[in-house]
Amino acid sequence: KRVIAILQGNSSSMSSNWNQRYRTNMDKMKSGSIFLVAEVVRNLSILDRDKGLSTGERKMLDVARQILVSELVLVNEATEEQMETFVLNCFA
């Protein structure tokens, strides 16, 4: 439930400097916390929708989304396709 709330929430403040933003997001992903990974997915998805992402941030979003989907598959006993659709629908 907390991951869903994070995904559906507003983006948290991010640096306008892509290099600083990238390092901050990388630290969140390395933390091992699914909640921080969900924040990265949410923030980068919103940024992608609003402005577009650099190649590096696009790859980071793909990796973060894959980690999140893998965890959701295990927790919800669902298929990967179902969870991918669910995550994408959070931003529709």
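The rules behind the values
- Every chain is numbered independently, its residues counted from 1 as its sequence is written.
- Local features in this predicted model are restricted to residues whose pLDDT is 70 or higher, and side-chain atom pairs enter the listing and the counts only when it is 80 or higher, whereas totals over whole chains, interfaces and linings include all residues.
- With hydrogens and water set aside, each side-chain value is computed from the structure's full complement of heavy atoms.
- Orientation is described by axes fitted as lines to C-alpha atoms, over the contacting stretch for helices, and by angles from 0 to 180 degrees between their N-to-C directions.
- Here a strand is any run of E in DSSP of at least two residues, a helix any run of H or I of at least four, and the numbering for each starts at the N terminus.
- Put simply, angles under 35 degrees are roughly parallel, angles over 145 are roughly antiparallel, angles from 65 to 115 are roughly perpendicular, and the rest are oblique.
- Should the near helix be turned anticlockwise from the far one by less than a right angle, the crossing is left-handed, and should it be turned clockwise, the crossing is right-handed.
- Throughout, a residue-residue contact means that at least one pair of heavy atoms, one from each residue, lies within 4.5 Å.
- Throughout this description, the term salt bridge denotes a Lys or Arg side-chain nitrogen within 4 Å of a carboxyl oxygen of Asp or Glu.
- Only protein chains enter the calculation, and the probe is 1.4 Å; a residue is then buried if its accessible area is under 20% of its type maximum, exposed if over 50%, and partly exposed in between.
- Pairing of aromatic side chains requires ring centres within 6.5 Å, counting the rings of Phe and Tyr and the six-membered ring of Trp. Pairs whose planes differ by under 30 degrees are stacked, by over 60 edge-to-face, and all others tilted.
- Counting as a charge over the ring demands two things of the Lys NZ or Arg CZ atom: a distance within 6 Å of the ring centre and an angle within 35 degrees of the ring normal.

**Some details on the packing of helix α4 (residues 55–76) against helix α5 (residues 80–89)**
- Running from N to C, α4 and α5 cross one another at 120 degrees; their axes reach a closest spacing of 9 Å. Compared by their axis directions, α4 and α5 come out oblique. The two elements α4 and α5 meet at a crossing, and its hand is right-handed. Of α5, the residues touching α4 (which contributes R65, L68, V69, L72, V73 and N76) are E80, M83, E84, F86, V87 and L88.

**Notes on the pattern of salt bridges**
- Throughout the structure, instances matching the rule amount to 5 salt bridges.
- A salt bridge links E57 to R21; its shortest N-O distance comes to 2.6 Å. Pair noted here: E57 is in helix α4 and R21 is in helix α2 (residues 18–30), with a separation of 36 residues, a long-range link. Each member of the pair, E57 together with R21, is buried.
- Among the ionic pairs, R58 bridges to D48, the shortest N-O distance being 2.7 Å.

**A word on the packing of aromatic side chains**
- In the structure shown here, the tally under the stated rule is 0 aromatic pairs.
- The ring of F35 has R2 sitting right over it, with the charged end atom 3.9 Å from the ring centre.

**A few points about the side chain of R21**
- Look at R21 and you get buried, because its relative accessible area is 11%.
- The contacts of R21, once residues within four sequence positions are left out, are M14, S15, S16, L47 and E57.

**Some points on unusual backbone geometry**
- Not every positive phi belongs to a glycine, and E77 is a case in point at roughly 50 degrees.
- Note on placement: E77 falls in the loop between α4 and α5.
- You can call E77 exposed: its relative accessible area is 73%.

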